[in-house]
Amino acid sequence: MLFRSARWALLAPTLLCWCTAFAQHAAPTEPELLKRDQVAEQLRLETLRFNAAAQAVEDEVRYPRLTRTAVYLGVELDDLLVSEASVQIDERPVVTVKIEETQALALQRSGGLKRLLLANLDPGPHRVHLRMTGQYASAKEGAEPVVMEHAVEFEKLPKTTSVVFRARWTKPGGQAERSAFIRTGGSRRGLDAQVLREQP
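Residues numbered from 1 in each chain as written. Predicted model: local features only at pLDDT ≥ 70, side-chain atom pairs only at ≥ 80, totals over all residues. Heavy atoms only, no water.

(A) Summary view of the overall build of the protein chain. Across its full length, the protein chain carries 3 helices and 9 strands. Reading the helices (α) and strands (β) of the protein chain from amino to carboxyl end gives α-α-β-β-β-α-β-β-β-β-β-β. Within the protein chain, contacts between residues separated by at least 24 positions form 68% of all contacts whose residues are at least 6 apart in sequence. Counting only carbon and sulfur atoms, one obtains 58% of the accessible surface of the protein chain, whose full area is about 13700 Å². (Helix = DSSP H or I, 4+ residues; strand = E, 2+ residues; numbered from the N terminus. Contact = heavy atoms within 4.5 Å. Areas by Shrake-Rupley, 256 points an atom, 1.4 Å probe, with all protein chains shown as cover.)

Here it is in structure tokens:
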């Protein structure tokens, strides 16, 4: 009995230290949690910046400015959620891009552009065709998906070129309304396209 009492007397300080350390580890204070979150967020942002810089370098190498051609999609219809976009340049294979719901919401709310394709095109005439599939947020369950298609022909010059498709209110012939809030007779939801070239 005396041996057991002496053993517990020796072990008690060690156990107390272990318990204290465990309690501190298991229940960090609020400032510590805040600091951890800040460090994690900083690392995330640095990783994103590094990835963006690495991607830019890769694009410069694989797609020289003289031949680089990018295809983008924008959404200016308040309730349209895009789920898929298929792009074909000339007679090349079709490239299909799946768009997750979170991406579709961000695309719709931000008014930004999503890059669908990056390719090398020689100077001369080319044709880009886009087929977009989605659904209106206000659509009833079981409604048919919304499908929009548009093609644009353009002359590729020896400089970086961007073909920008936008889902918006358009006039017959694919011309965009001056404002998404001014809808004249005959206007409809559809795609239009704009060709942008890098300025010297």
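Next comes the rest of the write-up.
(B) Layout of the sheet that holds strand 6 (residues 146-156). Taken in spatial order, the 4 strands make up an open sheet running 3-2-5-6, and their pairing is antiparallel. Unpaired on one side and paired on the other, strand 3 (95-98) and strand 6 mark the two borders of the sheet. When strand polarity is set aside, the average angle formed by the axes of neighbouring strands in this sheet is 20°. Note: strand 5 (residues 124-136) against strand 6, 11 bridges, orientation antiparallel. Looking across to strand 6, one finds that Val128 is bridged to Val152. With respect to the sheet, helix 3 (residues 101-110) is in contact with strand 2 (80-89) and strand 3, its orientation differing from that of strand 2 by roughly 95°. (Pairing = 2+ DSSP bridges. Axes fitted to C-alpha atoms, helices over the stretch in contact; angles between N-to-C directions.)

(C) Fine view of the packing of aromatic side chains. Enumeration according to the criterion identifies 0 aromatic pairs in this entry. Stacked on the ring of Tyr136, the Lys or Arg Arg189 has its end atom at 4.5 Å from the ring centre. (Phe/Tyr/Trp six-rings, centres within 6.5 Å; stacked < 30°, edge-to-face > 60°. Lys NZ or Arg CZ within 6 Å of the ring centre and 35° of its normal.)

(D) Focus on the environment of Glu84. Within the secondary structure, Glu84 sits in strand 2. On a C-alpha basis, the gap between Glu84 and Met132 in space is 5.9 Å, while along the polypeptide they are 48 residues apart. Those residues in contact with Glu84, other than ones at most four positions away along the chain, are Thr96, Val97, Lys98, Arg131, Met132 and Thr133. Polar side-chain contacts of Glu84 include one of 2.3 Å to the side chain of Lys98. (Polar contact = N/O pair within 3.5 Å; in protein donor to acceptor, adjacent residues only side chain to side chain.)

(E) Spatial organisation of the environment of Glu144. Within the secondary structure layout, Glu144 lies in the loop between strand 5 and strand 6. As a C-alpha pair, Glu144 and Gly134 span 10 residues in sequence and 9.5 Å in three-dimensional space.

(F) View of the nonpolar core. Core analysis: the largest hydrophobic core is formed by 31 residues, its most contacted members being Leu73, Leu80, Val128, Leu130, Met132, Met148 and Phe165. Taken together, the elements giving at least two residues each to this core come down to strand 1 (68-75), strand 2, helix 3, strand 4 (113-120), strand 5, strand 6 and strand 7 (161-171). Top element by residues in this core is strand 2. It accounts for 6 residues. Beyond its immediate sequence surroundings of up to four residues, Phe165 is in contact with Val71, Tyr72, Leu73, Gly74, Val128, Leu130, His150, Val152, Asp192 and Ala193. (Core = buried A, V, L, I, M, F, W, Y, C linked by side-chain atoms within 4.5 Å. Buried < 20%, exposed > 50% of the residue type's maximum accessible area, 1.4 Å probe, protein only.)

(G) Representation of unusual backbone geometry. Backbone geometry places Asp90, a non-glycine residue, at a positive phi of 50°. Here Asp90 is to be found in the loop between strand 2 and strand 3. The class for Asp90 is partly exposed, based on a relative accessible area of 27%.

(H) Region of the structure containing the side chain of Asp192. Within the secondary structure, Asp192 sits in strand 9 (residues 188-197). On the accessibility criterion, Asp192 (8% relative accessible area) is buried. At a separation of 2.9 Å, a polar atom in the side chain of Asp192 contacts the side chain of Arg168.

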